[in-house]
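Structural description and commentary
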Amino acid sequence: MISVNLENISIKEHNKFLLQDCNYTFPAGKFVLIKSESQSLKSILVKTCGGIYIPDKGKITYNKNGKSFTSLQNIQSGFVHQTGALLANTTLKENLLLPLHFNNRLNKDLYMKRYNELISVFNVTDLLDYRPSEVSVSERKTFGFIRALLQQPEIFFMDDPFSECVLQSVEKMYIEINKLKSNNITIIAIENLTSYFDLIADLILIIDNNNISVQVADIQ
Amino acid sequence: MLKKRYSNYLLKYGNFLSAVYIAVFNRPFKLGTLSKIVQRQIYFTAIQALGITIFSGLLTGITIMVQSNDVISNIAGNKLIYSILVSVITIELGGIIPSLIIIARSGTAITTEIGNMSVNHEIEALISLKINPIEYLVITRVIGVITSLLILVLFFNLSTFISAGFISSVFLNRDLTDFISLVIGQLTLLDIFTAFIKANVFGIIIATVACFHGLEVNRASTEVPQQTSKAVIISIGFIILFDIFLSLLRYEVLS
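Procedures and definitions
The residue numbers shown here count from 1 along each chain, following its written sequence. Note on labels: chains are lettered from A, ligands numbered from 1, in written order. Whole-chain, interface and lining totals are the exception, using all residues; otherwise, since this is a predicted model, local features are given only for residues with pLDDT of at least 70 and side-chain atom pairs are given and counted only at 80 or more. Water and hydrogen atoms play no part in the side-chain values, which are based on all heavy atoms of the structure. In this description a helix means any DSSP run of H or I spanning at least four residues, a strand means any run of E spanning at least two, and both kinds are numbered starting from the N terminus. Pairs of residues are marked as contacts when any of their non-hydrogen atoms sit within 4.5 Å. What counts as a disulfide here is a pair of cysteine sulfur atoms lying within 2.5 Å. Given a helix with a known number of residues, its expected span is that number minus one, times 1.5 Å. Each residue is placed in one exposure class: buried if its accessible area under a 1.4 Å probe, protein chains only, is under 20% of its type's maximum, exposed if it is over 50%, and partly exposed if it falls in between. Within this scheme a cavity is a closed region of a 1 Å grid, computed over the protein atoms alone, that accommodates a 1.4 Å probe without allowing it to escape, whereas a pocket is open but has protein on both sides within 12 Å along at least five of seven lines; lining residues each have an atom within 4 Å of a point. Grid points are joined across faces, edges and corners, and a volume is the space filled by probe spheres set on the points. When residue character is reported, Ala, Val, Leu, Ile, Met, Phe, Trp, Tyr, Cys and Pro are called nonpolar, Asp, Glu, Lys and Arg charged, and the others, Gly included, polar. pLDDT: the predictor's confidence for each residue, scored from 0 to 100. To pair, rings of Phe, Tyr and Trp, with the six-membered ring standing in for Trp, must have centres within 6.5 Å; the planes then decide the type, stacked if under 30 degrees apart, edge-to-face if over 60, and tilted in the middle.

1. Considerations on the environment of Ile146(A)
Residues and elements named next belong to chain A. With respect to the element layout, Ile146 can be found in helix H4 (residues 137–149). Along the sequence, Ile146 and Leu18 sit 128 residues apart, while their C-alpha atoms lie 31 Å from each other. In this structure, Ile146 is in contact with Leu96, Leu118, Phe122 and Val124, ignoring residues within four places of it in sequence.

2. As for the state of the cysteines
Applying the stated criterion across every chain yields a total of zero disulfides over all chains. The thiol of Cys22(A) is not disulfide-bonded; the next cysteine sulfur, from Cys49(A), is found 10 Å away.

3. Let's talk about H4(A)
Between its terminal C-alpha atoms H4(A) stretches 18 Å, which fits the 18 Å expected from 13 residues at 1.5 Å a residue. For H4(A), a buried count of ten out of 13 residues is recorded, marking the element as mostly surrounded by other parts of the structure. Those residues of H4(A) that fall on the buried side of the exposure criterion are Ser138(A), Lys141(A), Thr142(A), Phe143(A), Gly144(A), Phe145(A), Ile146(A), Arg147(A), Ala148(A) and Leu149(A). Residues of H4(A) that are buried in the fold lie against strand S6 (77–80), helix H2 (92–102), helix H3 (108–121), strand S7 (155–159) and helix H5 (167–182) of chain A together with helix H5 (122–128) of chain B.

4. With respect to empty space enclosed by the protein
Counted under the stated rule, the structure contains one cavity of 30 Å³ or more. Here the largest cavity defines a volume of roughly 100 Å³. If you go around the largest cavity, the residues you meet are Leu87(A), Ala88(A), Asn89(A), Thr90(A), Ile37(B), Arg40(B), Glu113(B), Met117(B), Glu122(B), Tyr136(B), Leu137(B) and Arg141(B). At the level of elements, helix H2 (31–45), helix H4 (79–119) and helix H6 (133–171) of chain B are the ones that each hand at least two residues to the lining of the largest cavity. In terms of residue count, H6(B) provides more of the lining of the largest cavity than any other element does, three residues in total. Grouping the amino acids of the lining of the largest cavity by side-chain chemistry returns six nonpolar, two polar and four charged.

5. Thoughts on the confidence of the model for chain B
Caution is warranted with low-pLDDT regions, since their predicted coordinates should not be read in detail. Looking at chain B, pLDDT values average 88 and 94% of them are 70 or higher. In the predicted assembly, ipTM is 0.91 and pTM is 0.88.

6. Focus on the packing of aromatic side chains
Throughout the structure, instances matching the rule amount to 16 aromatic pairs over all chains. Measuring from ring centre to ring centre gives 6.1 Å for Phe145(A) and Phe156(A), while their planes differ by 85 degrees; the resulting arrangement is edge-to-face. Residue Phe145(A) is found in helix H4, and its partner Phe156(A) is found in strand S7; the two are separated by eleven residues along the sequence. Classification of Phe145(A) by relative accessible area gives buried; the value is 0%. The class of Phe156(A) is buried, set by a relative accessible area of 0%. Their ring planes at 65 degrees and their centres at 5.6 Å tell us that Tyr43(B) and Phe44(B) sit as a pair that is edge-to-face. Following the ring pairs from residue to residue traces out a cluster consisting of Phe31(A), Phe162(A), Tyr174(A), Tyr196(A) and Phe197(A).

Printed below as a string of structure tokens:
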């Protein structure tokens, strides 16, 4: 199980501090939902935790079985992007299989087994040969979600996965997220227009006045 | 102010080049997957540009032959024409014209593609999938552009010599065998080596500048054409600078 430790983290956007000298530890095996008035701060924070952005100041460490890592290179992680963020010049199938060629830590048999399972669960087999621009936003986001799940994640990040998705996809994603949660995978997520995560999050982190000020613990 | 802007640019570009260098030498390549991208890059950059390159080469050969025959043969005799033909084509135009073709076709395409990827958060997706964008996007394009430029330089030079030989034998009534032996006689290994080095250096410049400007795009799609035009201007500037430098090195130091 992975915990994420933020140490004196500062995040700036357009020379303005969105977050200043923040300290917080995302506990291992818990589902943490981040809430804030500022939508961009939530996105930037989840991307910073997910190793996509480098904080302007401070340090992030990932703790796994007593070992500390400064990057996610040695940890399997999945990231669901707000827009799906699929590679436009490749087919949806190639989008799903691309990480397999680059990430040595992925178990290939397990990856392919899960791939076949998920494309059948989400009923997207007919779309595999299309390019991302040829399918709907909801389908793009579904593929982005499947791609993140395929990474055999020990930690899972979600940047507003449900918005613009059809209800059928949301329900299936919700089931998969619950499976991750029951497997004690650490989950850090935000959502903007929906409030599904309020029902399953272990912790809700409220960020106000440039700092993590309120933490509602164990809402269940 | 201007000086600071240029030094900032060079610093950022230098940092980018060092990141490329580290990615080249510090990571084991996934050759299978990357070679497909390189092959695609060579197809778009070299194969699709062969027609225009050969056409430019043919016209260049005709122009040089007609102009130099008119001007030079009256002053210094025929032998100088071949000397000019070899040095102008092999060392100078043979590198520069294919480079300009690649900048116009593929340099702009690379910046636009990577810029759009930035806007659409595809670069972020690569990072989250633990795929190094430098390895996946930049190195493949550097290898592709260098290989393509070498191919285009070869075809440009050949087509120029062919058209020059054709003009020389058909319209200027010179013996084709003499033409071939005089051209080969003027061509030295150092000329070929200089052309090879120039093609490599120009290839690195075109690909890295195009990728660098593509990755400079942050949020808006309006940044894409701005960065593309910057990439074109800077690539041409760097190529002229390095062309002068390498020519000086060839004529002043190596010969």
